[in-house]
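Close look at the chain arrangement
Chain by chain, the residues:
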Amino acid sequence: MSALLSVVDVGKRFRGLIAVDRVSFTVEAGEIFAVIGPNGAGKTTLFNMIAGVLAPNEGTITFRGERISGRTPDAVCRLGVARTFQIVRPFPALTVEDNVVIGALLHRTEMAAARRHARDVLATLDLFDKRDFRASALTLPDRKRLELARALATDPKLLLLDEVMAGLRPTETDRMVEILRGVNRDMGVTILLIEHVMRAVMALAGHMLVLHHGAPIAKGKPEDVVRDQKVITSYLGQESI
Ligand SMILES: Nc1ncnc2c1ncn2[C@@H]1O[C@H](COP(=O)(O)OP(=O)(O)OP(=O)(O)O)[C@@H](O)[C@H]1O
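We now turn to the structure provided with this report. This is a predicted model, so every value here is computed, not measured.

**Quick word on unusual backbone geometry**
One non-glycine residue with positive phi stands out, namely Asp9, at about 50 degrees. Its location among the elements puts Asp9 in strand 1 (residues 3-14). With a relative accessible area of 32%, Asp9 lands in the partly exposed category. One non-glycine residue, Asp126, adopts positive backbone phi at about 60 degrees. Mapped onto the elements, Asp126 comes out in the loop between helix 4 (111-124) and helix 5 (140-152). Look at Asp126 and you get partly exposed, because its relative accessible area is 45%.

Shown next, in the form of structure tokens:
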């Protein structure tokens, strides 16, 4: 494996508040990497810097050897980084398929090719039968999968998932874990996820980083990180594993 994403000494301040404080980590090509931590720890701010929504105040972010920190979201997406949002945001009035076609058009100019690709992605995510539904008519688990389908349609090398398990029941969470394993294994997509549902994190992640008040307090394999006293005190004490 080789480094796909490299985050080095990255920091972000909002006026006086240090939201992300000198964070460094590497995501290897092909792995699933999780970022965890309590509310307000800086996880979404970190994602926003990787995705180009926010520019870091310090440090550098490199993707496939190219510096991406400070670039626009569109430029970062074109290089192969796609994301889902904590609050799912498909176009509600469009059909499921048309929502995914929009993603597919990033790297395709022909509508027929984009539609074919969109249908392949929908089939992979078990949404093919609902392709003609309006996005607004979907249940929450289906909307989460649609959000994932839209991101995957852009042919990412790296997928950023922001709390994709939030609001799902345990059986739906297990289904999403299986889907993400398939996306990682069969489509060769590297995954970086922010997640509070520890059962899903433990089932998926090969490595993880724990943030607390913006700073990294632990990094490594999940089975080691969850035994770290700092992590238990600052985060896991409040959560159920
Ligand atoms: N645009 C902004 N302006 C000012 N402060 C912000 C902004 N975005 C985030 N913050 C602050 O930065 C800190 C980190 O927030 P962030 O949303 O990154 O945390 P998080 O770990 O993603 O939390 P959660 O698990 O609740 O989503 C918080 O104190 C938050 O209030």
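**Observations concerning helix 1 (residues 43-50)**
Every α-helical turn comprises 3.6 residues, leaving residues that sit three or four positions apart pointing alike. The element helix 1 is largely enclosed, with a buried count of seven among its eight residues. Among all positions of helix 1, only Lys43, Thr45, Leu46, Phe47, Asn48, Met49 and Ile50 are buried.

**Focus on the sheet that holds strand 10 (residues 215-220)**
Overall, mixed pairing links the six strands, which are arranged 6-7-8-3-9-10 in an open sheet. The sheet is open, and its two borders are formed by strand 6 (81-83) and strand 10, each paired with just one other strand. Strand-to-strand twist across the sheet, computed as the mean angle between neighbouring axes with direction ignored, equals 15 degrees. Pairing analysis gives four bridges linking strand 3 (residues 32-36) to strand 9 (residues 207-212), with the strands arranged parallel. If you follow Ile36 over to strand 9, its bridge partner there is Val210. Relative to strand 7 (residues 158-162), helix 5 is tilted by about 155 degrees, and along the sheet it contacts strand 6 and strand 7. On top of the sheet, helix 6 (residues 170-186) reaches strand 3, strand 7 and strand 8 (190-194); it is set at about 145 degrees to strand 8, its chief contact.

**Concerning the sheet that holds strand 1**
In space, the four strands of this open sheet follow the order 2-1-4-5, with antiparallel pairing throughout. Edge positions in the open sheet fall to strand 2 (17-28) and strand 5 (66-67), since each of these has one partner strand only. Looking at chain direction, strand 1 and strand 4 (residues 58-63) are connected through five bridges and run antiparallel. Within strand 4, the position partnered with Gly11 by the bridge is Glu58.

What counts as what
- Residues numbered from 1 in each chain as written.
- Predicted model: local features only at pLDDT ≥ 70, side-chain atom pairs only at ≥ 80, totals over all residues.
- Heavy atoms only, no water.
- Helix = DSSP H or I, 4+ residues; strand = E, 2+ residues; numbered from the N terminus.
- Buried < 20%, exposed > 50% of the residue type's maximum accessible area, 1.4 Å probe, protein only.
- Pairing = 2+ DSSP bridges.
- Axes fitted to C-alpha atoms, helices over the stretch in contact; angles between N-to-C directions.
- Contact = heavy atoms within 4.5 Å.

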